[in-house]
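One-letter residues, chain by chain:
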Amino acid sequence: MLAITKKTDQDEPKLDQWQWLGVILLIVSLAGFIGWVWEFILIEFEGGFQNLYVNGGNLLPWMNIYAYGAILILLICYRLRKRPSLVFIAGAISTGLLEWLSGWLVYTLGNGTRYWDYSTSWIGIGHINGFVCPASVCVFGLGALALIYLLLPRCIALAQHMTRRKLLAISLALFSIIIIDDVVNLTLKNLNMPTAQDFYINRGWVLMEK
């Protein structure tokens, strides 16, 4: 007869609070970059790979909404990690709501401004006001699985094999550079001064704002 044993928390990562901070900052930084790469590939595909399209409002290859989504996934899905199906569902729903809310707020507060519009995209079947669609929600669900089962364990392993000082130095440096880029561009935009978008346009690249 097979013995049935109760699962314990023996596989819980043994990290202190500073190591967890380093891990979270690494994930936020990497998630923003991975999101930028995903958007780049998607827009290039839609454009037939004929021009160079750059999406997002930062000088660096990083998109903040994907970083916010990563934080949301960590908060909601980490405790569900023993149930991949729940991670997928919770990740898809939470980030889908984040995308819809972000799009709606930008549109409402920005007098009709849209940074994306699924109603004009080939993946936008079943979209809701162009802000979110079933395909994007499924992609976010898959992204939640990748974050919890691929990215997070590797960042934890890195934290366990590095000194705390080195981990924090690297993660804080990456995060600080990204945040400075984000804050500077938002400030320049509010002051009606040249931003990262203008930099890309002036170099002959095409910036896509859906």
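Presented here is an overview of the structure given in this document. (Residues numbered from 1 in each chain as written. Predicted model: local features only at pLDDT ≥ 70, side-chain atom pairs only at ≥ 80, totals over all residues. Heavy atoms only, no water.)

**Brief notes about the overall build of the protein chain**
Consideration 1: In terms of regular secondary structure, the protein chain is built from six helices and two strands.
Consideration 2: From first element to last, N terminus to C terminus, the protein chain shows the α and β order α-β-α-α-α-α-α-β.
Consideration 3: Buried positions account for 38% of the 210 residues belonging to the protein chain.
Consideration 4: Considering only intrachain contacts with a sequence separation of at least 6, the fraction spanning at least 24 residues in the protein chain is 71%.
Consideration 5: As displayed, the protein chain offers around 12,900 Å² of accessible surface, 68% of which is attributable to carbon and sulfur atoms. (Helix = DSSP H or I, 4+ residues; strand = E, 2+ residues; numbered from the N terminus. Buried < 20%, exposed > 50% of the residue type's maximum accessible area, 1.4 Å probe, protein only. Contact = heavy atoms within 4.5 Å. Areas by Shrake-Rupley, 256 points an atom, 1.4 Å probe, with all protein chains shown as cover.)

**What about the packing of helix H2 (residues 64-77) against helix H3 (residues 84-109)?**
Consideration 1: Interhelical geometry of H2 versus H3 gives an angle of 140° and a closest axis separation of 9 Å. Considering the angle they form, H2 stands oblique to H3. Considering how the two elements wind past one another, H2 and H3 form a crossing that is right-handed. Of the residues in H3, those in contact with Ile-65, Tyr-68, Gly-69, Leu-72, Ile-73, Ile-76 and Cys-77 of H2 are Val-87, Ala-90, Gly-91, Ser-94, Thr-95, Leu-98 and Ser-102.
Consideration 2: When grouped by side-chain class, the residues that make up the contact of H2 with H3 number nine nonpolar, five polar and no charged. (Axes fitted to C-alpha atoms, helices over the stretch in contact; angles between N-to-C directions. Parallel < 35°, antiparallel > 145°, perpendicular 65-115°, else oblique. Left-handed = near helix turned anticlockwise from the far one by under 90°. Nonpolar A, V, L, I, M, F, W, Y, C, P; charged D, E, K, R; others polar.)

**Some details on the nonpolar core**
Consideration 1: Counting residues in hydrophobic clusters, the biggest one holds 21 residues, and the most contacted among them are Val-23, Ile-27, Leu-147, Ile-148 and Leu-152.
Consideration 2: Listing elements by their share of this core, those giving two or more residues are helix H1 (17-46), H2, H3 and helix H4 (134-160).
Consideration 3: With eight residues, the top contributor of residues to this core is H4.
Consideration 4: If sequence neighbours within four positions are ignored, Ile-148 has contacts with Ile-73, Leu-74, Cys-77, Tyr-78, Arg-81, Val-87 and Pro-153.
Consideration 5: Counting residues in hydrophobic clusters, the runner-up holds six residues, among them Trp-36, Met-63, Phe-140 and Tyr-200. (Core = buried A, V, L, I, M, F, W, Y, C linked by side-chain atoms within 4.5 Å.)

**Observations regarding the pattern of salt bridges**
For side chains of opposite charge, pairing can occur when their charged atoms come near one another.
Consideration 1: Tallied over the entire structure, the rule returns two salt bridges.
Consideration 2: Across the salt bridge formed by Asp-16 and Arg-164, the nearest N and O atoms sit 2.6 Å from each other. You can see Asp-16 sitting in the segment before H1 and its partner Arg-164 sitting in helix H5 (residues 164-190), a full 148 residues away along the chain.
Consideration 3: Judged by relative accessible area, which is 25%, Asp-16 ranks as partly exposed.
Consideration 4: Here Asp-117 and Arg-114 are joined by a salt bridge, their closest N and O atoms 3.8 Å apart.
Consideration 5: For Arg-114, a relative accessible area of 23% puts it in the partly exposed group. (Salt bridge = Lys/Arg side-chain N within 4 Å of Asp/Glu carboxyl O.)

**Notes on the packing of H2 against H4**
Consideration 1: Two numbers describe how H2 lies on H4: the axes approach to 10 Å, and their chain directions differ by 70°. In terms of orientation, H2 lies roughly perpendicular with respect to H4. Together, Tyr-66, Ala-70, Ile-73, Leu-74 and Cys-77 of H2 and Phe-140, Ala-144, Leu-147, Ile-148 and Leu-152 of H4 make up the contact between the two elements.
Consideration 2: Residues that form the contact of H2 with H4 fall into these classes: 10 nonpolar, no polar and no charged.

**Structural notes on a nonpolar patch on the surface**
Consideration 1: Side chains of Leu-59, Leu-60, Ile-177 and Phe-199 sit close together on the surface and give an oily, nonpolar patch of about 330 Å² of accessible area.
Consideration 2: Along the chain, Leu-60 falls in the loop between strand E1 (53-55) and H2. (Patch = residues over 30% accessible without salt bridge, like charges linked within 9 Å, V, L, I, M, F, W, Y side chains within 5 Å.)

**Quick look at H3**
Consideration 1: With 26 residues, H3 extends 37 Å from end C-alpha to end C-alpha; this agrees with the ideal 38 Å at 1.5 Å per step.
Consideration 2: Listed as buried for H3 are Val-87, Ala-90, Gly-91, Ala-92, Ser-94, Thr-95, Gly-96, Leu-98, Glu-99, Ser-102 and Gly-103.
Consideration 3: On the buried face of H3, the contacting elements are H2 and H4.
Consideration 4: Asn-111 sits one or two residues past H3 and shows a positive phi near 55°. (Expected span 1.5 Å × (residues − 1).)

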